[in-house]
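Listed below are the residues making up each chain.
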Amino acid sequence: MSIQFIDDPEDPRVSAYRDIRERDLTGREGLFVAEGEVVLRTLLSAASLCSPQSLLISANRLQAQAGLIASVPDGVPIYAASQAVLDRLAGFPLHRGLLALGRKPLARSVGSILAGMPEDCVVLACSGIGNHDNMGGLFRNAAAFGAAAVLRDDRCCDPFYRKAIRVSVGAVLRTRSAAAESLEALVAELEAARFEVIALSPGAREPLAGLKGGARQAVLVGSEGPGLPPDVLGRLRTVGIPMAGGFDSLNVAVTSALALHQLSSVSVR
């Protein structure tokens, strides 16, 4: 497989990798940047819902990453550069030395994803998740506990932001996802598809430990601080996690992990 060497950070062949942090904020028009060996292996695997467009690797890692390079599909260009050129290109020290440009899957509606779900499954629904670390953690938990999809409302951040992908250890690239136009629309779509929507709330009287899996269930989590709106909580089944020491809530990613584990049918191997 041919590797193209880059010795100028202004080389137009790698312009998509230039000033990564700034481009993270402005968007890439259907593309995303993935970094790190684990994430790149996911992008290149059959499980990925996304397609690789190119790879950019530190020249001193080529030998160590020969196996990963061999898995790159034909026609996907591979670029290599010195660490100094990589750092100048990215705009910050790029310690991992492994980047890829990927294309997002075609956008799907919440309804189209739910339509093909089995009768016994769990999905994770999110509202107002604006922190990319939390978004990545939610996707990682969904993949780990076998959730069929991660669904979002219009106030959630983009899961294809570079940091969210990294925190998810690539789960964003292999987990079905869609966004609704609002939280109300998201709940309505879930209920129309015969999902029981279970809202996680510190004020709930029903403990998580009593929750049983089975049939179609959706775990709904809100942003840290405000949480889910009172009017939504007032018409859904709410479940909470009892705590000691004056604490009333956990990080949203931790909360989702506990709830998905409670409902999960994943067995120990």
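That block above? That's the structure.
All of the points below concern the structure found in this document. What you see is a predicted model, and the numbers here were worked out from it, not measured in a lab. (Residues numbered from 1 in each chain as written. Predicted model: local features only at pLDDT ≥ 70, side-chain atom pairs only at ≥ 80, totals over all residues. Heavy atoms only, no water.)

On to the pairing of strand β3 (residues 51-58), then. Counting buried positions along β3 yields six of eight residues, so the element is predominantly enclosed. Bridging between β3 and strand β5 (residues 98-103) involves six bridges; their strand directions are antiparallel. Looking at the pairing, Leu56 lines up with Leu99 of β5. Both β3 and strand β4 (residues 78-81) contribute to a ladder of four bridges, which runs parallel. Counted as the bridge partner of Ser58 is Ala81 from β4. (Buried < 20%, exposed > 50% of the residue type's maximum accessible area, 1.4 Å probe, protein only. Helix = DSSP H or I, 4+ residues; strand = E, 2+ residues; numbered from the N terminus. Pairing = 2+ DSSP bridges.)

Pairing is mixed across the open sheet formed by five strands, whose spatial order is β1-β4-β3-β5-β2. Two strands close off the open sheet at either side, each with one partner strand: β1 (3-6) and β2 (31-35). The mean angle between the axes of side-by-side strands here comes to 25°, regardless of whether they run parallel or antiparallel. Contacting β1, β3 and β4, helix α4 (residues 83-90) crosses the sheet at an angle of about 130° to β3. (Axes fitted to C-alpha atoms, helices over the stretch in contact; angles between N-to-C directions. Contact = heavy atoms within 4.5 Å.)

Taken together, the buried positions of α4 are occupied by Val85, Leu86, Leu89 and Ala90. All buried residues of α4 project into a common sector of 125° when viewed along the axis, lining one side. Of the residues in α4, the exposed ones pointing more than 90 degrees away from the buried face are Ala84 and Arg88. (Arc of directions from axis to C-beta.)

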